[in-house]
Amino acid sequence: MQVKVDTPDLNPTLRRLAAMIRNKAVFVKAWANDAAKEAQRNAKAKPGRRWWRDLARSIRMRSASETAAEVSSDQVGANLKQFGGIVRPKNKRALTIPIAPEAKGKTVYSMKRPNRPLFVLPGTRLLGYATPDKGFRALFVLAPKAVQKPDPWFPAPNRLYRLGIDRANYLIKKEQIQWNTRQ
């Protein structure tokens, strides 16, 4: 994601404030750091296990200039979570999507037992095990692909502009104090 000051669709209030700041490189860098911290907080607030914490740790400001800064993550799947898309298996023929409560958050490997082998029910895409009393117990659905809905972690444009306005106001006040104390 990028934080840009010279883009034509920038918020007019933010554009005026940015024009008033003397050291624009400091402003862009501080604004990008604020956006990165907000993205980290958003990721940490998401429910789930370790993936969101790893994403929060990987969010960084990569580069900054007077007009733009780049905030990104090197976490695998970060763009997929942000924008959504299609998930396809890399090393297998199908994805295993848990459908039983006991399979949520687990892998097929962790669900295998020596006394309870897993198998695909003939004529279906269901993976599960046989029970003596109920017959077949489905744990996973085998799918060639899955559609991931967006679950954004980066601040929305309105929030990003608000962060920029707050940072610009702070820097303008700081510059005014410095101007008044100089002799």
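Residues numbered from 1 in each chain as written. Predicted model: local features only at pLDDT ≥ 70, side-chain atom pairs only at ≥ 80, totals over all residues. Heavy atoms only, no water.

Caption draft 1: Structural view of the overall build of the protein chain. Helix and strand counts for the protein chain come out as six helices and nine strands. Its C-alpha atoms give the protein chain a radius of gyration of 25 Å, clearly above 16 Å, the size a compact globule of 183 residues would have. Referenced to the eigenvectors of the C-alpha coordinate spread, the extents of the protein chain come out at roughly 90 × 30 × 25 Å. Once local pairs closer than 6 in sequence are excluded, the contacts in the protein chain between residues at least 24 apart make up 62%. Roughly 12,100 Å² of accessible area belongs to the protein chain as shown, and the carbon and sulfur atoms make up 53% of that amount. Between the mean site of the 37 positive side-chain charges and the mean site of the 13 negative ones, the protein chain shows a separation of 7 Å. (Helix = DSSP H or I, 4+ residues; strand = E, 2+ residues; numbered from the N terminus. Rg over C-alpha atoms; globule rule 2.2 N^0.38 Å. Contact = heavy atoms within 4.5 Å. Areas by Shrake-Rupley, 256 points an atom, 1.4 Å probe, with all protein chains shown as cover. Lys, Arg positive; Asp, Glu negative; His and termini not counted. Charge placed at Lys NZ, Arg CZ, Asp CG, Glu CD.)

Caption draft 2: Spotlight on the sheet that holds strand E5 (residues 95-98). In spatial order, the strands read E5-E8-E7-E6; together these four strands make up an open sheet with antiparallel pairing. Bordering the open sheet on either side are E5 and strand E6 (119-120), each of which pairs with just one other strand. When E6 meets strand E7 (residues 126-131), the two strands line up antiparallel, connected through two bridges. Within E7, the residue paired with Val 120 across the bridge is Leu 127. (Pairing = 2+ DSSP bridges.)

Caption draft 3: Representation of the packing of aromatic side chains. The tally for this structure, following the rule as stated, stands at four aromatic pairs. Considering the side-chain rings of Trp 51 and Trp 52, the 5.0 Å spacing of their centres and the 90° angle between planes classify their relative orientation as edge-to-face. Overall, the relative accessible area of 7% leaves Trp 52 in the buried class. A cation over an aromatic ring shows up here: Lys 46 above the ring of Trp 52, its NZ or CZ 5.5 Å from the ring centre. (Phe/Tyr/Trp six-rings, centres within 6.5 Å; stacked < 30°, edge-to-face > 60°. Buried < 20%, exposed > 50% of the residue type's maximum accessible area, 1.4 Å probe, protein only. Lys NZ or Arg CZ within 6 Å of the ring centre and 35° of its normal.)

Caption draft 4: Helix H2 (residues 24-45), seen in detail. Across its 22 residues, H2 extends 31 Å between first and last C-alpha, which sits within 8% of the 32 Å expected from 1.5 Å per residue. Considered for burial, the residues of H2 that qualify are Phe 27, Val 28, Ala 30, Trp 31, Ala 32, Asp 34, Ala 35, Ala 36, Glu 38, Ala 39 and Ala 43. (Expected span 1.5 Å × (residues − 1).)

Caption draft 5: Spotlight on the environment of Phe 83. The residue Phe 83 is located in helix H4 (residues 78-83) in this model. Sequence separation between Phe 83 and Pro 150 is 67 residues, and the spatial gap between their C-alpha atoms is 4.8 Å. Apart from the residues lying within four places of it in its own chain, the contact partners of Phe 83 are Met 1 and Pro 150.

Caption draft 6: The arrangement of the nonpolar core in detail. Residues Leu 14, Phe 27, Trp 31, Leu 55, Ile 59, Trp 153 and Phe 154 are the most contacted members of the largest nonpolar core, which totals 30 residues. Those elements giving two or more residues to this core turn out to be helix H1 (12-20), H2, helix H3 (50-58), strand E3 (68-73) and helix H6 (157-181). A total of eight residues in this core trace back to one element, the largest contributor, which is H2. Ignoring anything within four residues of it in the chain, the contact list for Leu 14 reads Phe 27, Trp 31, Tyr 161, Gly 164, Ile 165 and Ala 168. Ranked by size, the runner-up nonpolar core spans ten residues in total, among them Ala 100, Val 108, Met 111 and Tyr 129. (Core = buried A, V, L, I, M, F, W, Y, C linked by side-chain atoms within 4.5 Å.)

This is a description of form; function is not addressed.
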